[in-house]
Amino acid sequence: MENLSDKAAQNLAAVREKKPLIHNITNYVVMNYTANALLAMGASPVMAHAVSEVEEMVSIAGALVLNIGTLAEDWIASMIKAGQKASELGTPIILDPVGSGATSLRTNSVTRIIRETSLSVIRGNPSEILSLRHNESKTKGVDAVHSVNEAGATAKKIAEELNTTIAITGPADFITNGERVIHVSNGHPLMARVTGTGCTATVIIAAFSAVDDDPVSAAATGLAFFGLAGEAAGQKASGPGSFMIEMLNALYEITPEALKAGCKIREE
Amino acid sequence: MENLSDKAAQNLAAVREKKPLIHNITNYVVMNYTANALLAMGASPVMAHAVSEVEEMVSIAGALVLNIGTLAEDWIASMIKAGQKASELGTPIILDPVGSGATSLRTNSVTRIIRETSLSVIRGNPSEILSLRHNESKTKGVDAVHSVNEAGATAKKIAEELNTTIAITGPADFITNGERVIHVSNGHPLMARVTGTGCTATVIIAAFSAVDDDPVSAAATGLAFFGLAGEAAGQKASGPGSFMIEMLNALYEITPEALKAGCKIREE
Amino acid sequence: MENLSDKAAQNLAAVREKKPLIHNITNYVVMNYTANALLAMGASPVMAHAVSEVEEMVSIAGALVLNIGTLAEDWIASMIKAGQKASELGTPIILDPVGSGATSLRTNSVTRIIRETSLSVIRGNPSEILSLRHNESKTKGVDAVHSVNEAGATAKKIAEELNTTIAITGPADFITNGERVIHVSNGHPLMARVTGTGCTATVIIAAFSAVDDDPVSAAATGLAFFGLAGEAAGQKASGPGSFMIEMLNALYEITPEALKAGCKIREE
């Protein structure tokens, strides 16, 4: 079993050295914050969604983020196009199925993206992940109504069937490729009181995926880094406004050594 | 005459207990900030604008926010569709007519939304509210050129004619349903130096409307809560950057008891 | 040679007195932050992109910002329409060619805007500015791969050919109209770790252009003001999260006198 604490430190150092370009087709709510998170940690974000430019843009990127948080039909077309180009080039794609299960447009768009592209990692909350299999799973807008534990066994089956890695985030995170199962327990309760926390976890997984060929370790170490930044922010902030600012500071300040020492990753 | 300080405390406690889902079809500028404000105060925000999903989304929501700040034709169609579904279901709709009076597209879209949906509350600055009646009222972009006092009498007539509640915000706020008139004097001058202050007032009214059947008390107590958060933020912040962060902290930290003690609501 | 320190102080005082309306057709990532920057410094921002309202909106504005950061075909049409109206009215237009050189859509859209409107100032990073002339110039997403020095000589030729003012920003800024050459050396390294720094520089140039007829001095003094705010923020902030908040505070707090004393502008 590999040492995932070492791997976490290596991935963070590699992002800061290589500054990978992360191409985001994402939602309006989090664009600013996830761009800032990527910049703060040392990556280089670009947001581009026009159907006529996404293939060119993804061709120079180290990873692609597809996030359906405020989707509309034309954006889905761009996501598919960018995703197919990335699949062709072997560029890792990270899908964030925001609100899947809340409306058919969301659930169906996720199904289509899964079918038409080769995803490295799908990161969602428990309800979103359950909706990938159970049409009856309900999501309350973009918030989970299920626990990480409820979703774990299903996630393992989905990962196996789809030949991808699933990362379920919540108070504790659960990462699986159908075979390996990893638990990450870094984090802070205020993360649930800031919008786009899940979306930010997704872009950090994308940045780590740009420097780590193994989706399982990229997802697990990325979530540990993100959770550790949450812990650092939670020590400085008393409310969600300060917390979201301190998160950006922490993503910038945490060193690979501090990450190695602080990450709480456990493989089953 | 009901005790609105008690009602304010009850509404805040109810939002924190029930965590109502607030469906927003709003402008790009404030999406992140208003989502954060709703999360900070204890509600659950979702932003969704695709014409093919708004009916489903609003069906699971406790209130609907329609905000025309960066409108375009297709978004208006979604607003109407969501608004009609909400009207059918009896779900409260809060309209923010951002920049009404500045361009015909805005003024006409507001007219259409008013005609085709059943609004609980319209919240705007004095110039925006005056534009609902006087085509000649001019708005400077999205900023008011009239005072709250100038707009009060007109607001009373509009509220009566449209059978809705009007909330005019400014240094002091004025709420009326054509019959009752309430003044709220909580607030802080730095609120005028942060973008989306009015839009944030609107989503807070929406969250209170999800737990309070009376649009007049939902609007008045929501604005008192928002203004009190501004006062708390103003004590900690010297500039608009820190102020907007401290606002989110205050929306999270103010207790129902503190709101009861601090709200400045006067009914005529 | 005019005294640009005096001019900087005059421009800042004039913005605070006149509160010019700045009409932005800009990207989703920075809309909130640039609106806040404009409000913090004393101007009045409006974001409006619908093709049916941009002419009306720009007619009441003091300057127009065109920023292609998350462009799509219909937004380009609105930019051209607003730009032509502004050109007709003599309203200054500031273009931010975000990511020009990274995809053909971006490079071609910039070419079209340049050809069909009368621009006062084009502000970009070195790679974006080089792409205006050399089709072979490559941009890494939205980040520069060239230095300000490499781009200076080319900028001078472009400014002369296009009869406009070019502002290249980076660790030091370079402003030219083909004849005059000005260097501004205010700034702070953390500005590179916050998204939308360049876009914010652009809107500040726009606000100064609304009160200063000379594009060269508007650009140079605007960039000195922005860089000085960065210096003030850098003294208070240790990471990018706090830095972006302190920038807004500084844009609000810096007085015309402090700007006069602190600006580092050198004309060749």
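Parameters and conventions
- Residues numbered from 1 in each chain as written.
- Chains lettered and ligands numbered in written order.
- Predicted model: local features only at pLDDT ≥ 70, side-chain atom pairs only at ≥ 80, totals over all residues.
- Heavy atoms only, no water.
- Contact = heavy atoms within 4.5 Å.
- Buried area = accessible area lost by both parts, 1.4 Å probe.
- Salt bridge = Lys/Arg side-chain N within 4 Å of Asp/Glu carboxyl O.
- Polar contact = N/O pair within 3.5 Å; in protein donor to acceptor, adjacent residues only side chain to side chain.
- Helix = DSSP H or I, 4+ residues; strand = E, 2+ residues; numbered from the N terminus.
- Least-squares fit on C-alpha atoms with pLDDT ≥ 70 in both.
- Buried < 20%, exposed > 50% of the residue type's maximum accessible area, 1.4 Å probe, protein only.
- Pairing = 2+ DSSP bridges.
- Right-handed = clockwise from strand over helix to strand, strands pointing away.
- Nonpolar A, V, L, I, M, F, W, Y, C, P; charged D, E, K, R; others polar.
- UniProt positions renumbered as here; feature names shortened; annotations may be inferred.
- 1 Å grid on protein atoms, 1.4 Å probe; cavity = no way out; pocket = protein on both sides within 12 Å on 5 of 7 lines; lining within 4 Å.
- Points joined across faces, edges and corners; volume = space filled by probe spheres on them.
- Axes fitted to C-alpha atoms, helices over the stretch in contact; angles between N-to-C directions.
- Parallel < 35°, antiparallel > 145°, perpendicular 65-115°, else oblique.
- Left-handed = near helix turned anticlockwise from the far one by under 90°.
- Phe/Tyr/Trp six-rings, centres within 6.5 Å; stacked < 30°, edge-to-face > 60°.

Let's shift gears to the interface of chain C and chain A. Taken together, the contact between chain C and chain A spans 31 residues of the former and 31 residues of the latter. Between chain C and chain A, a total of about 2,400 Å² is buried, with carbon and sulfur atoms accounting for 57% of that surface. Notably, a salt bridge pairs glutamate 53 of chain A with arginine 106 of chain C, separated by 2.8 Å at the nearest N-O pair. Counting across the chain C and chain A interface gives eleven residue pairs in polar contact (both at pLDDT 80 or more). Elements that contribute at least two residues to the side of chain C that touches chain A include exactly α5 (104-116) and α10 (240-253) of chain C. Top contributing element to the side of chain C that touches chain A by residue count: α10 of chain C, with five residues.

Below, the discussion takes up the relation of the copies chain B and chain C. For the match of chain B to chain C, the screw axis carries a shift of 0.0 Å, the RMSD comes to 0.0 Å, and the turn is 120°. Such a combination of turn and shift is consistent with a three-fold rotation axis. Among all residues of chain B, the minimum C-alpha distance to the rotation axis is found for tyrosine 28 of chain B, at 3.8 Å.

Attention now goes to the pairing of strand β4 (residues 93-96) of chain C. Residues and elements named next belong to chain C. Alternating residues of β4 divide into Ile93 and Leu95 and Ile94 and Asp96, and every residue in both groups is buried. Pairing of strand β3 (residues 63-67) with β4 involves four bridges; the strand directions are parallel. Counterpart to leucine 66 in the pairing with β4 is leucine 95. After leaving β3, the chain enters helix α4 (residues 73-89) and then returns to the sheet as β4, a path that is right-handed. In the sheet, β4 pairs with strand β5 (residues 121-124) via two bridges, with the strands oriented parallel. Each bridged residue has a counterpart across the sheet, and for leucine 95 the counterpart in β5 is isoleucine 122. For the crossover from β4 across α5 to β5, the handedness is right-handed.

What follows covers unusual backbone geometry. At lysine 19 of chain B, a residue that is not glycine, the phi angle is positive and equals roughly 45°. The exposure class assigned to lysine 19 of chain B is partly exposed, which follows from its relative accessible area of 40%. Despite not being glycine, asparagine 163 of chain C has its phi angle at roughly 55°, a positive value. Here asparagine 163 of chain C shows up in the loop between α7 (148-162) and β6 (165-168). Overall, asparagine 163 of chain C belongs to the exposed group, its relative accessible area being 67%.

It is common to report an interface's size as the accessible area lost on association of the parts. Opposite the 31 residues of chain B that make contact, chain C presents 31 residues. Between chain B and chain C, roughly 2,400 Å² of surface is buried when both sides are summed, and carbon and sulfur atoms account for 57% of that area. If you look at where chain B meets chain C, you find one salt bridge. Between the two partners, chain B and chain C, sit eleven residue pairs in polar contact (both at pLDDT 80 or more). Among the secondary structure elements, those contributing two or more residues to the side of chain B that touches chain C are α5 (104-116) and α10 (240-253) of chain B. Taken together, the residues of the side of chain B that touches chain C break down into 15 nonpolar, eleven polar and five charged.

Attention now goes to the UniProt feature "binding site: substrate" (unreviewed entry) in chain A. The sites that UniProt annotates as "binding site: substrate" (unreviewed entry) are Met47 and Gly196 of chain A. By secondary structure assignment, the location of methionine 47 of chain A is in strand β2 (residues 44-47). Each residue touching methionine 47 of chain A, except ones within four places of it in the same chain, is listed here: Asn24, Thr26, Met31, Thr34 and Ala35 of chain A together with Val29, Gly69, Thr70 and Arg106 of chain C. Mapped onto the secondary structure, glycine 196 of chain A falls in the loop between β8 (181-184) and α8 (197-209).

What follows concerns the relation of the copies chain C and chain A. Least-squares fitting of chain C to chain A yields an RMSD of 0.0 Å, with the superposition described by an axial translation of 0.0 Å and a rotation of 120°. The residues that chain C uses at the interface reappear at the interface of chain A in only 6% of cases, marking distinct surfaces.

Here the focus is the side chain of threonine 169 of chain B. Residue and element names in this part refer to chain B. In this fold, threonine 169 is placed in the loop between β6 (165-168) and β7 (173-176). Threonine 169 sits in the buried class, given a relative accessible area of 14%. In contact with threonine 169, not counting residues within four places along its chain, are Arg123, Gly124, Asn125, Pro126, Val148 and Leu223.

With the rule as written, the count across this model stands at five cavities of 30 Å³ or more. Space inside the largest cavity adds up to approximately 250 Å³. Residue lining of the largest cavity: 20 residues in total, with Asn32 and Met244 of chain A, Asn32 and Met244 of chain B together with Asn32 of chain C positioned closest to the centre. When residues of the lining of the largest cavity are traced back to their parent elements, those giving at least two are α2 (31-41) and α10 (240-253) of chain A, α2 (31-41) and α10 of chain B together with α2 (31-41) and α10 of chain C.

All names here are of chain B. As a packed pair, helix α4 (residues 73-89) and α5 sit with axes 10 Å apart at the nearest point and diverge in direction by 20°. When the axis of α4 is compared with that of α5, the two are roughly parallel. Like other packed secondary-structure pairs, α4 and α5 cross with a definite hand, here right-handed. Contacts from Glu73, Ile76, Met79, Ile80 and Gln84 of α4 reach α5 at Leu105, Ser109, Arg112, Ile113 and Glu116.

For the rest of this paragraph, the subject is the packing of aromatic side chains. Taken as a whole, this structure holds twelve aromatic pairs over all chains when the rule is applied. Look at tyrosine 28 of chain A and tryptophan 75 of chain A: their rings are 5.3 Å apart centre to centre, the planes differ by 75°, and that puts the pair in the edge-to-face class. Of this pair, tyrosine 28 of chain A sits in the loop between β1 (21-25) and α2 while tryptophan 75 of chain A sits in helix α4 (residues 73-89); the two residues are 47 residues apart in sequence, bridging distant segments of the chain. Of the two residues, tyrosine 28 of chain A and tryptophan 75 of chain A, both sit in the buried class. Ring geometry for phenylalanine 208 of chain C and phenylalanine 225 of chain C: centres 5.8 Å apart, planes at 10°, overall stacked. One end of the pair, phenylalanine 208 of chain C, is in helix α8 (residues 197-209); the other, phenylalanine 225 of chain C, is in helix α9 (residues 215-236), with 17 residues separating them in the sequence. The exposure class of phenylalanine 208 of chain C is buried, given its relative accessible area of 0%. Each residue in the set Tyr28 and Trp75 of chain A, Tyr28 and Trp75 of chain B together with Tyr28 and Trp75 of chain C is aromatic and connected to the rest through ring pairs, giving one cluster.

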